[in-house]
Amino acid sequence: QVQLVESGGGLVQPGGSLRLSCAASGRFFSIGVMGWSRQAPGKQRELVARITTLGSTNYEDSVKGRFTISRDNAKNTVYLQMNSLKPEDTAVYFCNARLRIGARDDSDNYWGQGTQVTVSS
């Protein structure tokens, strides 16, 4: 069974930093695009950042220059380094990855269970 497991969330003061990790486990043929989204209370989930297998990245405007997404293909892991955190960054952060289970299968989007990030003094 394929799983995406996030770690690294927590409580941090404004201006602080956190690093989120998300590792894919189980049996699958390949991983494509990986990304991070977040959902604040009462709001829709929004894409924060995404990264292709070759390392091309995209960021939501409010996190540009503060967040950095990266991946380690050998470890099937994606990271989100978050610096200069603001209270408005408070949300549950979810990782996702497009996985191809078998060589002839189409890729499907898989989600992690989410990790809470709270920015507060």
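Up top is the structure these notes are about.
Residues numbered from 1 in each chain as written. Predicted model: local features only at pLDDT ≥ 70, side-chain atom pairs only at ≥ 80, totals over all residues. Heavy atoms only, no water.

1. Some points on the layout of surface pockets
And step 1. Reported here for the largest pocket is a volume of approximately 180 Å³.
And step 2. Lining of the largest pocket is provided by 13 residues; of these, R38, A40, K43, E46 and E88 occupy positions nearest its centre.
And step 3. Residue classes in the lining of the largest pocket are distributed as two nonpolar, four polar and seven charged. (1 Å grid on protein atoms, 1.4 Å probe; cavity = no way out; pocket = protein on both sides within 12 Å on 5 of 7 lines; lining within 4 Å. Points joined across faces, edges and corners; volume = space filled by probe spheres on them. Nonpolar A, V, L, I, M, F, W, Y, C, P; charged D, E, K, R; others polar.)

2. Describing unusual backbone geometry
And step 1. At N76, a position not held by glycine, the phi torsion is positive, near 55°.
And step 2. As for its placement among the helices and strands, N76 is situated in the loop between β7 (67–72) and β8 (77–82).
And step 3. At S84, a residue that is not glycine, the phi angle is positive and equals roughly 50°.
And step 4. Looking at the element boundaries, S84 is found in the loop between β8 and β9 (91–100). (Helix = DSSP H or I, 4+ residues; strand = E, 2+ residues; numbered from the N terminus.)

3. A short note on the environment of G26
And step 1. Among the secondary structure elements, G26 is positioned in the loop between β3 (18–25) and β4 (30–39).
And step 2. Of the residues examined, G26 reaches a relative accessible area of 48% and is grouped as partly exposed.
And step 3. When the C-alpha atoms of G26 and Y59 are compared, they prove to be 28 Å apart, with 33 residues separating the residues in sequence.
And step 4. Beyond its immediate chain neighbours, meaning those up to four positions away, G26 contacts Q1 and V2. (Buried < 20%, exposed > 50% of the residue type's maximum accessible area, 1.4 Å probe, protein only. Contact = heavy atoms within 4.5 Å.)

4. Quick look at the pairing of β8
And step 1. Most of β8 is tucked away, with five of its six residues classed as buried.
And step 2. Of the pairings in the sheet, the one linking β3 to β8 comprises six bridges and is antiparallel in character. Its bridge partner being in β8, S21 is matched across the sheet by Y79.
And step 3. Relative to β8, β7 runs antiparallel, the two being bridged by six bridges. Residue pairing for β8: R71 is matched across the bridge by V78.
And step 4. Turn length for the β7-β8 hairpin, with the two strands adjacent in sequence and antiparallel, is four residues, and the turn residue N76 shows positive phi of about 55°. (Pairing = 2+ DSSP bridges.)

5. Comments concerning the sheet that holds β7
In sheet architecture, strand pairing relies on hydrogen bonds along the backbone and comes in two forms, parallel and antiparallel.
And step 1. Across the sheet, four strands lie side by side as β1-β3-β8-β7; this open sheet has antiparallel pairing. Because the sheet does not close on itself, it has two edges, and the strands there are β1 (3–7) and β7. On average, adjacent strands in this sheet sit at an angle of 15° to one another, irrespective of strand direction.
And step 2. When β1 meets β3, the two strands line up antiparallel, connected through five bridges. In the sheet register, L4 faces β3, and the bridge partner there is A24. (Axes fitted to C-alpha atoms, helices over the stretch in contact; angles between N-to-C directions.)

6. A look at the side chain of R71
And step 1. Tracing the backbone shows R71 in strand β7.
And step 2. No salt bridge is formed by the buried R71, whose closest oppositely charged neighbour, D72, lies at an N-O distance of 8.3 Å.
And step 3. One polar contact links the side chain of R71 to the main-chain carbonyl oxygen of G32, over a distance of 2.9 Å.
And step 4. Of the polar contacts made by the side chain of R71, one reaches the backbone oxygen of I51; its length is 3.2 Å. (Lys, Arg positive; Asp, Glu negative; His and termini not counted. Salt bridge = Lys/Arg side-chain N within 4 Å of Asp/Glu carboxyl O. Polar contact = N/O pair within 3.5 Å; in protein donor to acceptor, adjacent residues only side chain to side chain.)

Spatial relationships are all this shows, so hold off on functional conclusions.
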